[in-house]
Structure formats: structure tokens, C-alpha cells
Amino acid sequence: AQRVTQPEKLLSVFKGAPVELKCNYSYSGSPELFWYVQYSRQRLQLLLRHISRESIKGFTADLNKGETSFHLKKPFAQEEDSAMYYCALRPGSARQLTFGSGTQLTVLP
Amino acid sequence: DAGVIQSPRHEVTEMGQEVTLRCKPISGHNSLFWYRQTMMRGLELLIYFNNNVPIDDSGMPEDRFSAKMPNASFSTLKIQPSEPRDSAVYFCASSLLGDSPLHFGNGTRLTVT
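My aim in this report is to walk through the structure given alongside it, one point at a time. Quick caveat: nothing in here was measured; it's all calculated off a predicted structure.

The rules we used
Here the residue index of a chain counts from 1 through its sequence in written order. Naming scheme: in the order in which they are written, chains are lettered from A and ligands are numbered from 1. Local features are withheld for residues below a pLDDT of 70 in this predicted model, meaning they are given only at 70 or higher, and side-chain atom pairs are given and counted only at 80 or more; totals for whole chains, interfaces and linings count all residues. To get the side-chain values, all heavy atoms of the structure are used, and hydrogens and water are removed first. Pairing between two strands is assigned when DSSP locates at least 2 bridges connecting them. Numbering of helices and strands starts at the N terminus; helices are DSSP runs of H or I of at least 4 residues and strands are runs of E of at least 2. The convention used is that axes are lines fitted to C-alpha atoms, helices contributing only their stretch in contact, and that angles between N-to-C directions extend from 0 to 180 degrees. Pairs of residues are marked as contacts when any of their non-hydrogen atoms sit within 4.5 Å. Using a 1.4 Å probe, buried area is obtained as the accessible area two parts lose upon being combined, added over both of them. We count a salt bridge whenever a side-chain nitrogen from Lys or Arg sits within 4 Å of a carboxyl oxygen from Asp or Glu. Any pair of N or O atoms that falls within 3.5 Å is considered a polar contact. Within protein, one atom must be able to donate a hydrogen and the other to accept it, and sequence-neighbouring residues count only if both atoms are side-chain atoms. Polar here means any residue outside two lists: the nonpolar Ala, Val, Leu, Ile, Met, Phe, Trp, Tyr, Cys and Pro, and the charged Asp, Glu, Lys and Arg; Gly therefore counts as polar. Remark: exposure states derive from per-residue accessible area (1.4 Å probe, protein chains only) relative to the maximum for the residue type, with buried under 20%, exposed over 50%, and partly exposed in between.

### Focus: the sheet that holds strand β3 (residues 19-24) of chain B
Two strands in a sheet stick together by hydrogen bonds in their backbones, pointing the same way (parallel) or opposite ways (antiparallel).
Residues and elements named next belong to chain B.
Here's step 1: Taking strand neighbours across the sheet as the criterion, the 4 strands line up as β1-β3-β8-β7 in an open arrangement whose pairing is antiparallel. Of all the strands in the sheet, the pair left with one neighbour each is β1 (5-7) and β7 (65-71). The sheet shows a mean angle of 15° between the axes of neighbouring strands, taken without regard to direction.
Here's step 2: For β7 and strand β8 (residues 74-79), the ladder comprises 5 bridges, and the chain directions are antiparallel. Considered in β8, the bridge of S66 is made with K78.

### Comments concerning unusual backbone geometry
Residue and element names in this part refer to chain B.
Here's step 1: In this structure, the amide linkage connecting S7 to the following residue, P8, adopts the cis form with an omega of -10°.
Here's step 2: Tracing the backbone through its elements, the reader meets P8 in the loop between β1 and β2 (10-13).
Here's step 3: The omega torsion of the bond from Q80 to P81 falls at -10°, within 30 degrees of zero and hence cis.
Here's step 4: Even without a glycine there, the phi angle at N52 is positive, about 75°.

### Points about the interface of chain A and chain B
Here's step 1: Taken together, the contacts link 18 residues of chain A with 27 residues of chain B.
Here's step 2: By the criterion of area lost to chain B, the three top residues of chain A are R43(A), R95(A) and Q96(A), representing 41% of everything that side buries.
Here's step 3: Across the contact surface, chain A and chain B share 0 salt bridges.
Here's step 4: At the boundary of chain A and chain B, one finds 8 residue pairs in polar contact (both at pLDDT 80 or more).
Here's step 5: Listing elements by their share of the side of chain A that touches chain B, those giving two or more residues are β5 (31-38), β6 (45-49) and β9 (83-91) of chain A.
Here's step 6: By residue number, the principal contributor to the side of chain A that touches chain B is β5(A), which donates 4 residues.
Here's step 7: For the side of chain A that touches chain B, the class distribution of residues is 8 nonpolar, 4 polar and 6 charged.

### Some thoughts on the side chain of D81(A)
Residues and elements named next belong to chain A.
Here's step 1: Looking at the element boundaries, D81 is found in the loop between β8 (72-74) and β9.
Here's step 2: In terms of polar contacts, D81 uses its side chain to reach the side chain of K74, at 2.8 Å.
Here's step 3: Not counting the four nearest positions on each side in its chain, D81 is found in contact with F59, K74, F76, L105 and V107.

### Thoughts on the environment of L33(A)
Residue and element names in this part refer to chain A.
Here's step 1: Mapping L33 onto the fold places it in strand β5.
Here's step 2: We classify L33 as buried; its relative accessible area is 0%.
Here's step 3: The spatial distance from the C-alpha of L33 to the C-alpha of F76 is 23 Å, given a sequence separation of 43 residues.

Geometric descriptors of this kind do not, in isolation, establish any biological role.
Pasting the structure below:
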């Protein structure tokens with residue numbers, strides 16, 4: 001069975017500092033990886049997916065199959081980036097997503 | 001499109017009562033998912049439907065939980081009887097078949113006292 005691990009429950013950085021939210025997965029096939037973000041009192045929304053290879057709100061994530069990781073990075077954090085971030089995996093042709101436990105990011109002024 | 005619509009936004013009930021959570025997926029979406037979010041366990045998939053048919057309910061905690069999707073535009077998640085440990089935020093999400101991402105509702109915050 002697939003598994004997604006986000007080792008940090010809480011992460012605090014100062015505004016302007018680089019930020020990296022870690023995500024590791026275990027799955028024997030070819031997964032699709034996502035990052036979802038949940039701002040305070042709002043719904044979860046898709047931030048980015050690995051197949052798109054795009055940058056959203058300055059965030060990027062590269063799928064590293066050798067290390068089975070999909071870390072989320074941003075070179076200069078902003079206060080409005082403070083939110084809960086979830087890494088998620090969709091295995092093969094399945095429909096459902098398996099989520100990590102989430103990382104609460106706080107960007108300090 | 002208004003997105004995925006869930007009701008109620010908040011529900012407070014006493015232990016032993018029946019609770020029904022409702023979800024209206026995005027029009028045209030044919031997959032629907034129910035997730036539960038807690039501080040300790042994060043987001044857990046409870047059940048999902050494809051074309052109104054339950055595909056995987058292995059995440060449903062126990063027989064007290066049941067979910068239905070009588071048509072393409074409506075689903076319910078019922079807990080009977082409710083217990084304090086059921087307190088959580090319950091999210092509904094929908095997507096198109098294929099590789100489209102999930103779109104989440106605002107969630108229902110359930111408190112069982």
C-alpha cells in the first residue's frame with residue numbers, strides 16, 4: 001500500500017527566508033504527486049502537481065524518484081504563505097488521493 | 001461554478017444522536033470522495049464513489065458510518081450513533097474521471113459532546 005510522510009508537523013521561517021516542506025512517499029509503481037494548501041478557515045485547494053512542472057505562487061516541487069521525495073520549495077517566503085500544506089499521492093490509475101499528515105507553515109514577520 | 005458545496009458548516013450534537021452530512025459535487029464531476037481531518041491523523045479517506053457507485057469504503061471507521069450517493073449531484077455521510085471521537089472536520093471532494101485533481105468543499109466541522 002502507498003504511504004505519504006511529511007516529517008514536520010510545524011515549520012516556522014522568517015519572511016524572506018527560503019522554505020522547504022518535506023514529503024516522502026512509498027509506492028512501488030508510478031505515482032502522481034500533488035501539493036494541496038489550506039489557508040486559515042478555507043477549503044483545501046490544489047497548489048501544484050508534479051506532471052505540470054509549474055511554479056505556483058513562487059512554489060516549486062520536483063519529483064525525485066530515486067529518493068522517493070516531492071519536497072515543496074520557495075526561495076523567499078511571504079507572510080501570506082502561512083497555511084497548512086498537504087502532500088498527496090495518487091497511485092497508478094486509482095482515483096483517490098492518499099494524503100500526508102500535513103505541515104503547518106508559519107512565516108514570521 | 002460554486003464549487004463543491006457542503007452542509008452544514010458546523011454541527012454540534014450530543015453523543016448517541018444521528019448526524020447527517022451533505023455534499024453537492026461540482027456539476028459534471030463523476031467521482032466523489034469523503035475525507036475526515038483530525039489533528040492527530042491528518043486527512044483520511046473514508047469512502048469514494050465513481051458514477052454514484054461506492055468503489056472503496058475501506059476507510060469507513062466502523063458500522064456506525066454509512067455513505068450514500070443517490071444521484072450524481074448529491075451525497076450523504078451518516079453517523080449513527082455519534083460518539084465524541086467522531087469530532088473532526090469532514091470534507092467532501094469531487095473530480096472528473098481521468099487524471100483531474102480533487103476539488104474540495106469547505107468542510108463540515110462536527111463536534112460530538
